[in-house]
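Listed below are the residues making up each chain.
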2 protein chains.
Amino acid sequence: MLRACAKHLRALGAVRQPLLCEPRPALRSFSSKKVVYKDFSIPNPSWRRDIRLLFDEFMKKCEDGSWKCLPPGKCGSIQRTQDFKTFCLDPELRKEDLRTQTRVFTSSFEEGLGFEYVMFYNDVEKRTVCLFQGGPYLKGMPGFLHGGAIATMIDTTLGMSAVIAGGTVMTANLNINFKRPIPLCSVVVINSQLDKVEGRKVFVSGNVQSADEKTLYSEATSLFIKLDPDKSLT
Amino acid sequence: MLRACAKHLRALGAVRQPLLCEPRPALRSFSSKKVVYKDFSIPNPSWRRDIRLLFDEFMKKCEDGSWKCLPPGKCGSIQRTQDFKTFCLDPELRKEDLRTQTRVFTSSFEEGLGFEYVMFYNDVEKRTVCLFQGGPYLKGMPGFLHGGAIATMIDTTLGMSAVIAGGTVMTANLNINFKRPIPLCSVVVINSQLDKVEGRKVFVSGNVQSADEKTLYSEATSLFIKLDPDKSLT
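Residues numbered from 1 in each chain as written. Chains lettered and ligands numbered in written order. Predicted model: local features only at pLDDT ≥ 70, side-chain atom pairs only at ≥ 80, totals over all residues. Heavy atoms only, no water.

A.B. asks: So what about the overall build of chain A? Which residues, and what values?
C.D. replies: From N to C terminus, chain A includes five helices and nine strands. Of the regular secondary structure in chain A, the N- to C-terminal order runs α-β-β-α-β-α-α-β-β-α-β-β-β-β. Within chain A, the fraction of its 234 residues that count as buried is 57%. Restricting to contacts in chain A with at least 6 residues of sequence separation, those with at least 24 account for 67%. In the structure as shown, chain A presents an accessible area of about 9800 Å², 49% of it carried by carbon and sulfur atoms. (Helix = DSSP H or I, 4+ residues; strand = E, 2+ residues; numbered from the N terminus. Buried < 20%, exposed > 50% of the residue type's maximum accessible area, 1.4 Å probe, protein only. Contact = heavy atoms within 4.5 Å. Areas by Shrake-Rupley, 256 points an atom, 1.4 Å probe, with all protein chains shown as cover.)

Pasting the structure below:
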C-alpha cells in the first residue's frame, strides 16, 4: 500500500513541478552538520489510531486511481525549487550558515511533537484532503491547538489545491472562521476545494472537521496568486 | 531597563489575569523530565541588531509610563490558567505524560530557531506592538517566512489586544491579506489596534511592517469572543 502511494505520486503528472520535494531532515541537532533523511510520508509510531485508520481508508481509495497520495514535508503551498539566494536581498540573511540551518515550518519539529500529516488529492473533484494530527508542541490554550497552528495547516492544505491548479503560487488572502477549539493531539481532516481560477488568481475554500466528521472546527476561504518564477518577490 | 519592564508589567493591573504566565521551558529534550526555566522576555544572543534597537526604543517609551512591556512565551491570545484536564474530554489526551510534554506553540522552538518576540502595550491608544524575528525553522518558500508562521504571530499579537480588553478570549475570525513575503530571519513590527467591543465580541485590526516601517507586509482584521471560564469549550 505504501509502495502504491509512491507509484501514484510519480503518476501524478499534473503536480510534478510543485512536488519536486526533498525529504525533510530528521531528528538532527541545530549545531550538527550531519543530516539523516527519512521518509515522513508514511505512518510513524507517533500516529494515533484515528489517523492510521483514515490513512488506510484513503490508500484504499487510491487503488482505483481516483485519489492520489501526496507527500508532506517540504511540499508546502508556496514551495519553490529556486535557491534561497535568488530571493533574499539582505546579504546577512544569505549567509551559508543560515541557508543550511533552515527547515520548512511544518517539518521543523521532531516526530510526533508538531505537525504530523499526509495529503490526498482527487483530480476529478479538484479536492485535497489532509489528515492532520497536531502534536503537544502546538498548544494554544491548555488542552487545545494554537489558532496559528490551525491556520498553518489550512494554508498548507488549501495551498496544495492552488499549487496543483496554478503551479507556483503565493497566499494573498486567508480568511478563517474558528468555530470550535481543536483538542491537542487529536486527529482532524482538512478538506480543500478548488473554487475557481481567474487569470493569476486561484480561489480555494475548505474546512476542518473531526475524524468522524461529526464536528466542524473551522471554515476558510483563500486567494492565491500565481507567480512568475523569473521575477523577484521582494 | 529590564527591571523597569518587569515593574511596568506588575503595574499593568488591567492585564493581570491574562498575564499569569510561567516562563517557558528552555532547551530540554523531549524525553527528559528535567526542565530548566529561563526568562525569554529579555533579549538573547539570537536577536539581530534591528530587534535590539527597537527593543531599546520601546523600553525608553516605557519610562514615562505611556507604554508597558509585556512578557512573551505563554501569554498567547487565548491562554487560560485552568488545568488541561478541565477541557480535554478524550481520556487518551488527558494522560499525565502528554500533559507534561506540552509546549505553547510560539515558545516551542529552541532559542533563535523559531518565534523570537516581545510585546509592548499602550493603554491610552489601546495599541499593542510586537517586535518579531522569525527564525530559520519557520521557512515557507526558500528565503521567506511561512504564511502560517505570520498568521500565528498576527493571531498572538491581535489576541493580546483582545485579552487586555476582554479578559479570557478565543479567536473567532482571522482575515489576513498577505501583501509581500517576509524574508526569513528578518525583524518586523506587528501593530495591533483595538477597534471596538460589542458585548462578548472584541474587534481588533493590525498590520505587519518592516523594522524601518517602509514596507507593509500584511494587513489583518480579527474577531475574538469573550469566554465564560466556567463553561467547557468542547
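A.B. asks: Please give an account of the nonpolar core that cites residues and values.
C.D. replies: Among the nonpolar cores identified, the biggest contains 78 residues, and Phe115 and Phe132 of chain A together with Phe115 and Phe132 of chain B are the most heavily contacted of them. Setting aside residues no more than four positions away along its own chain, Phe132 of chain B makes contact with Ile51, Phe115, Glu116, Tyr117, Leu138, Leu145, Met153, Ser186, Val187, Val188 and Ile190 of chain B. (Core = buried A, V, L, I, M, F, W, Y, C linked by side-chain atoms within 4.5 Å.)

A.B. asks: I'd love a proper account of the pattern of salt bridges, names of residues and values included.
C.D. replies: All names here are of chain A. Under the criterion given, the structure shown has eight salt bridges over all chains. Between Arg127 and Glu125 there is a salt bridge; the shortest N-O distance is 3.5 Å. We classify Arg127 as partly exposed; its relative accessible area is 24%. (Salt bridge = Lys/Arg side-chain N within 4 Å of Asp/Glu carboxyl O.)

A.B. asks: I'd like a description of the side chain of Thr102 of chain B, backed by residues and values.
C.D. replies: If you trace the backbone, Thr102 of chain B turns up in the loop between α4 (96-101) and β4 (115-122). What makes Thr102 of chain B buried here is its relative accessible area of 10%. Of the polar contacts made by the side chain of Thr102 of chain B, one reaches the side chain of Lys139 of chain A; its length is 3.4 Å. (Polar contact = N/O pair within 3.5 Å; in protein donor to acceptor, adjacent residues only side chain to side chain.)

A.B. asks: Outline the packing of aromatic side chains, supporting the account with residue identities and numerical values.
C.D. replies: In the structure shown here, the tally under the stated rule is 22 aromatic pairs over all chains. Seen from their ring centres, Phe105 of chain A and Phe115 of chain B are 5.9 Å apart, and the 80° between their planes marks the pair as edge-to-face. Placement of the pair is Phe105 of chain A in the loop between α4 (96-101) and β4 (115-122) and Phe115 of chain B in strand β4, with the two residues belonging to separate chains. On the basis of relative accessible area, Phe105 of chain A is assigned to the buried category, the value being 0%. Using a relative accessible area of 2% as the deciding quantity, one classes Phe115 of chain B as buried. Both rings, one in Phe109 of chain B and one in Phe115 of chain B, keep their centres 6.1 Å apart while their planes meet at 55°; by these two values the pair is tilted. Accessibility classification places Phe109 of chain B together with Phe115 of chain B in one group, the buried group. One aromatic cluster is present, formed by Phe105, Phe109, Phe115, Phe132 and Tyr137 of chain A together with Phe105, Phe109, Phe115, Phe132 and Tyr137 of chain B through successive ring pairs. When the ring centre of Phe58 of chain A is taken as reference, the NZ or CZ atom of Lys61 of chain A above it lies at 4.3 Å. (Phe/Tyr/Trp six-rings, centres within 6.5 Å; stacked < 30°, edge-to-face > 60°. Lys NZ or Arg CZ within 6 Å of the ring centre and 35° of its normal.)

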